[in-house]
Amino acid sequence: MGWYIGRRLLQMVPVFFGATLLIYALVFLLPGDPILALFGERPASPAAVAELRERYNLDEPFIVQYLLFIKGIFTLDFGESFSGRPVIEQLAEAFPVTIKLALIALAIEAVFGIAFGFLAGLRRGGLFDSTVLFLSLVVIGIPVFVLGFTAQYLFGVKWGVVDPTVGGDPTFAELLLPGAVLGALSFAYVLRLTRNSVAEALSADHVRTATAKGLGRPRVVTVHVLRNSLIPVVTFLGADLGALMGGALVTEGIFNVPGVGRLLYQAVIRSEGPTVVSVVTVLVLVYLLANLVVDLLYAVLDPRIRYV
Amino acid sequence: MSSFEKDDEQSGSRRVGLVSRGPVITRRAGLAGLLGAAAVTTLAACGGSEEEGSGGTEGGGSGGDVIANGTEPQNPLVPTSTNEVGGGRLLDSLWAGLVYYQADGSPQNDVAESIESADAQNYTITIKPDQTFSDGTPVTAQSFVDAWNYGALGTNAQLSSYFFEPIQGFEDVQAEPPVAQTMSGLQVVDDTTFTVALTQPESDFPLRLGYSAFYPLPASAFDDMAAFGESPIGNGPYKLAAPDAWQHNVRIDFVPNETYTGPRQAQNDSLAFVFYETYDAAYADLQSGNLDVIDNIPPSALATFQDDLGERAVNQPAAVFQSFTIPQNLPHFSGEEGKLRRQAISHAIDRAQVCETVFQDTRTPAKDFTSPVIDGYSETVPGSEVLAYDPEEAKRLWAEADAISPYTGTFTIAYNSDGGHQEWVDATAAYIRQTLGIQAEGAPYPTFAALRTDVTNRTITGAFRTGWQADYPGLYNFLAPIYATGAGSNDGDYSNPEFDALLNQAAAQTDAAASNELLQQAQTILFEDLPAIPLWYSNVTGGSSEAASDVQFGWNSVPLYYQITKS
């Protein structure tokens, strides 16, 4: 087990370098001069432009810029954005908010997705099953911004149940609505995955055996059916955590959540290489770690799987 | 700089339209020395009474806690390094300059006692005694001179350094490396007096002094400018509620500054700016009463906001001029042929129709090259008939040009597609196509930076969208920086000696009316040459909550926050 984890962690090293190099190159290739853009349409003073280029290493060739950035990372110096603020400070502000939001979304989609999917799977073809399947299809069909604006308008503006926007230092309750919107699409997927998986497991040999042994139905469906059906669902949820964090851009915009999406979007617009690469690198690491956790969870769900 | 032409800005980011709050006063060439009539200017307009526009209460009325929308400042809160509206609105509340602008754009003295000049070139500025920063240290002549020198020094890389270009010695501090640390044109006489020597007459120099680049700095700022930019100390109507009141990307909280004795007394108990990424979110907050004033309506609500807000809706022309520039070196667009083609294109566009259908009447069709909110504006400048929609005349002029040299190729209008410009560019190109029977289309650039790079390097191969948001309310500010020969923002490389001469004469006038008269004559030349095709003025669209009252928008489309009260 320890060896396995160690090996997986080592594998992240090349991924880290590859991802940072690739993203740095992409930002570098963005059209336009970010320093000139700082001055807008007004004349840029040559002295100021030269000074700023030097300050952000933009006068160096690409590979030198990249190596300087990597060198900084090893001393925990992620560079500065054009506003003069250390990138690491901005990461420290934005990530906790987005992690909170993503976890809430994940919890909502996991709890409701699995519960509804489980019930639908048990009564395949029934009224509940058909209704839930239809509704989940509707959710999948609606773009997230439509869902977000509608929810914001109804709950926030029209009925006044919650504040339409979130703002800084959000509490759990404040993030409930954005979390539900963010998790809605995955909720539908989780529901359908669970439902199919459960329906399939119901006719599996080990389930029939368990029933034949005389186990009560509650024990059969929870331990023998549900636990076995969860493997594809857990895989999906693990991969989804990364997607939720990186994909929170639209939801964060609608509900004015000062998270990673906003940070990344503004950094891309301003061609701030160090900020973009730092944010994406952390997202890549989160994704890799989430996948590792998923793989380890397989062993918990299915005793036949062992890691050596 | 984010200038935002605010409508562009869909995310609090720099979605700059082409318009930005930024350095402005440049006339590298063209405005050669001139010795205007040597009259004494005492900027009578600036001698305003102290209590005007204020209830007279010292530091803070009982007007409640006002919440306004804002965007995360893109730069530290240092006056000379801020050139975008997100930081600018904060600076204007935290600082008091020598003059300030009333809602109609007319200047009034704030910290200045008097600004005098005999020749529009050498100014003696006297400030009121006993002014202090919010930390109790005195505001002296030195505070201004040091701040301006800091802003001008090339190695400090301040985004607004160009504001100091007219001052003598600017070239020395901008040299690489600088050959001087301070500008020779600034001299401190005593605690309350300093002199400014310009390189040439600039009659509207006093008018510019209300812009944030000219704010003073306390001595403590120079010890650690980075720390100061995080937690600034000004001399204006407000101060930070706490040293760490700026919560990045979230909000910033101000309380009235009780040491401020000037005319812009805060009428509310506190003022907070909540930073939004989108105006949609801000508008939802306004509707639910969580926000008291919004200074831009999102596109999604433009069709409904006047009904939603009723009398609380604001939709009025602003000091933002929109156009597209046709470079002088574009084939078929120079000389006599070029004049005809430019006029034909201008006649081919139905501006009123585009304003109505594309912008839901949140633009006002242009009648000149400036803005209706500027003193001296006229709807009937001779030559402005060229802006009328007249397809027949357009066809006739185009045919006349074709007789000189037949037109080939596609007429393109470049724009940045991250700023919501596609609709109007497409509509405008369609008018040109249909009226003149030529190929015309939009040429999208992915980002503002990409467009600017091609424009700055003169590698652009067609017309391109341009806009201008004034930094100070003067006609001259709309003309000289863009159309004077060699001016810093003259992206089309327009040059007309007659036009330059009129600008120079206007700059040397000490009487505002006489100066404006000359500038209108200069505009007549522009209507003839059409270096850019005027399109429309952006309106300021905004509104306020039911709880807020005394909401008034300033000439620069930013609400006068200090006046707002809340029940």
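Conventions and cut-offs
Residue indices follow the written sequence of each chain, beginning from 1 at its first position. For naming, the first written chain is A and the first written ligand is 1, with later ones following in the order written. Local features in a predicted model are, by the rule used here, given only for residues with pLDDT of at least 70; side-chain atom pairs are given and counted only at 80 or more, and totals for whole chains, interfaces and linings are based on all residues. Values shown for side chains rest on all heavy atoms present in the structure; no hydrogens or waters enter the calculation. Pairing of aromatic rings covers Phe, Tyr and Trp, the last counted by its six-membered ring, and requires centre-to-centre distances within 6.5 Å; plane angles under 30 degrees mean stacked, over 60 mean edge-to-face, and any other angle means tilted. Only DSSP runs of H or I covering at least 4 residues are called helices, and only runs of E covering at least 2 are called strands; the numbering of each starts at the N terminus. Any residue under 20% of the maximum accessible area for its type is buried, any over 50% is exposed, and the rest in between are partly exposed; the area is computed with a 1.4 Å probe on protein chains only. Either the NZ atom of lysine or the CZ atom of arginine qualifies as a charge over a ring when it sits within 6 Å of the ring centre and within 35 degrees of the ring normal. Note that the domain bounds reflect an automated or database-derived domain assignment. Working rule for contacts: check all heavy atoms of both residues, and any pair within 4.5 Å makes them a contact. Two parts placed together each lose some accessible area under a 1.4 Å probe, and adding up what both lose gives the buried area. We count a salt bridge whenever a side-chain nitrogen from Lys or Arg sits within 4 Å of a carboxyl oxygen from Asp or Glu. Every residue carries a pLDDT, the predictor's confidence in it, which falls somewhere between 0 and 100. Only protein atoms enter the 1 Å grid used here. Points where a 1.4 Å probe fits but cannot escape make up a cavity, open sets with protein on both sides within 12 Å along at least five of seven lines make up a pocket, and a residue lines them when an atom lies within 4 Å of a point. Grid points are joined across faces, edges and corners, and a volume is the space filled by probe spheres set on the points. Nitrogen and oxygen atoms within 3.5 Å of one another constitute a polar contact, given that in protein one can donate a hydrogen and the other can accept it, and given that sequence-neighbouring residues count only through two side-chain atoms. In the scheme used here, Gly and all other residues not listed as nonpolar or charged are polar, with Ala, Val, Leu, Ile, Met, Phe, Trp, Tyr, Cys and Pro taken as nonpolar and Asp, Glu, Lys and Arg as charged. Angular values range over 0 to 180 degrees, each being the angle between N-to-C directions of two axes fitted as lines to C-alpha atoms, with helices fitted over their stretch in contact. Any angle that falls under 35 degrees is termed roughly parallel, while one over 145 is termed roughly antiparallel, one within 65 to 115 roughly perpendicular, and all others oblique. Here is the rule for handedness: rotate from the far helix to the near one, and if that takes an anticlockwise turn smaller than a right angle the crossing is left-handed, while a clockwise turn gives right-handed.

J.: Kindly report on the packing of aromatic side chains, identifying the contributing residues and their values.
T.: All names here are of chain B. Counting across every chain of the model gives 42 aromatic pairs over all chains. Relative to F214, the ring of F163 has its centre 5.8 Å away and its plane inclined at 90°; by these criteria the two rings are edge-to-face. Taken together, the positions of F163 in the loop between α2 (141-152) and α3 (170-174) and F214 in the loop between α4 (205-208) and α5 (225-230) put the pair 51 residues apart, joining distant regions of the chain. Across this residue pair, the class does not change: F163 and F214 are buried. Relative to F499, the ring of Y494 has its centre 6.1 Å away and its plane inclined at 65°; by these criteria the two rings are edge-to-face. Under the relative-accessibility criterion, Y494 is labelled buried at 3%. Through a chain of ring-to-ring contacts, the aromatic side chains of Y123, F144, W148, F163, F164, F194, F205, Y211 and F214 assemble into a single cluster. Stacked on the ring of W398, the Lys or Arg R341 has its end atom at 4.5 Å from the ring centre. Seen from the ring of F359, R363 lies directly overhead, with NZ or CZ sitting 4.0 Å from the centre.

J.: Requested: an account of the domain arrangement of chain A, with residues and values cited.
T.: Residue and element names in this part refer to chain A. We note that the domain assignment places domain 1 (2-74) and domain 2 (92-301) within chain A. Of the residues lining the interface, 15 residues belong to domain 1; the matching set on domain 2 comes to 18 residues. Surface buried jointly by domain 1 and domain 2 totals about 1,500 Å² across both partners, of which 84% is contributed by carbon and sulfur atoms. Taken together, the connections running from domain 1 to domain 2 amount to one salt bridge.

J.: Lay out the confidence of the model for chain A with the relevant residues and their values.
T.: A low pLDDT score tells you not to read the predicted coordinates there in detail. Per-residue confidence for chain A gives a mean pLDDT of 89; residues scoring 70 or more make up 99%. Highest mean pLDDT in chain A belongs to helix α6 (residues 127-141) of chain A (94); lowest belongs to helix α2 (residues 34-38) of chain A (85).

J.: Lay out empty space enclosed by the protein in plain terms, naming residues and giving numbers.
T.: Over the atoms rolls a probe the size of a water molecule, and in doing so it shows where empty space is left. All names here are of chain B. By the definition in use, this model includes six cavities of 30 Å³ or more. Within this model, the largest cavity holds a volume of roughly 390 Å³. D92, Y101, R264, N556 and L560 are the residues nearest the centre of the largest cavity, which is lined by 28 residues in total. Taken together, the elements giving at least two residues each to the lining of the largest cavity come down to α1 (85-94) and β2 (99-101). Ranked by residues supplied to the lining of the largest cavity, first place goes to α1 with four residues. Of the pockets and cavities examined, the second largest cavity occupies roughly 130 Å³. Looking at the second largest cavity, it is lined by 17 residues, and the ones nearest its centre are T325, T466, I482, Y483 and S489.

J.: So, the interface of chain B and chain A: which residues are in play, and what are the values?
T.: If you look at the interface, chain B gives 61 residues, while chain A gives 45 residues. Note on chain B versus chain A: buried area summed over both sides is about 4,100 Å², and carbon and sulfur give 55% of it. Linking chain B to chain A there are one salt bridge. Between B:E277 and A:R262 there is a salt bridge whose closest N-O contact spans 3.5 Å. On inspection of chain B and its partner chain A, the count reaches 10 residue pairs in polar contact (both at pLDDT 80 or more). Contributions of two or more residues to the side of chain B that touches chain A are made by β11 (270-275), α6 (279-287), α12 (448-456) and β17 (463-469) of chain B. Among the elements that take part in the side of chain B that touches chain A, α12(B) stands out by supplying six residues, more than any other. Of the residues that constitute the side of chain B that touches chain A, the class distribution is 20 nonpolar, 29 polar and 12 charged.

J.: Any chance you could break down the packing of helix α13 (residues 475-483) of chain B against helix α14 (residues 497-508) of chain B for me, citing the residues and the numbers?
T.: Residues and elements named next belong to chain B. Contact geometry of α13 with α14 gives a least axis separation of 11 Å together with a crossing angle of 135°. By the criterion of interaxial angle, the relationship of α13 to α14 is oblique. With respect to the hand of their crossing, α13 and α14 are arranged in left-handed fashion. Contacts between α13 and α14 involve Y476, L479, A480 and Y483 on the former and, on the latter, F499, D500, L503 and A507. Broken down by class, the residue content of the contact of α13 with α14 amounts to seven nonpolar, no polar and one charged.

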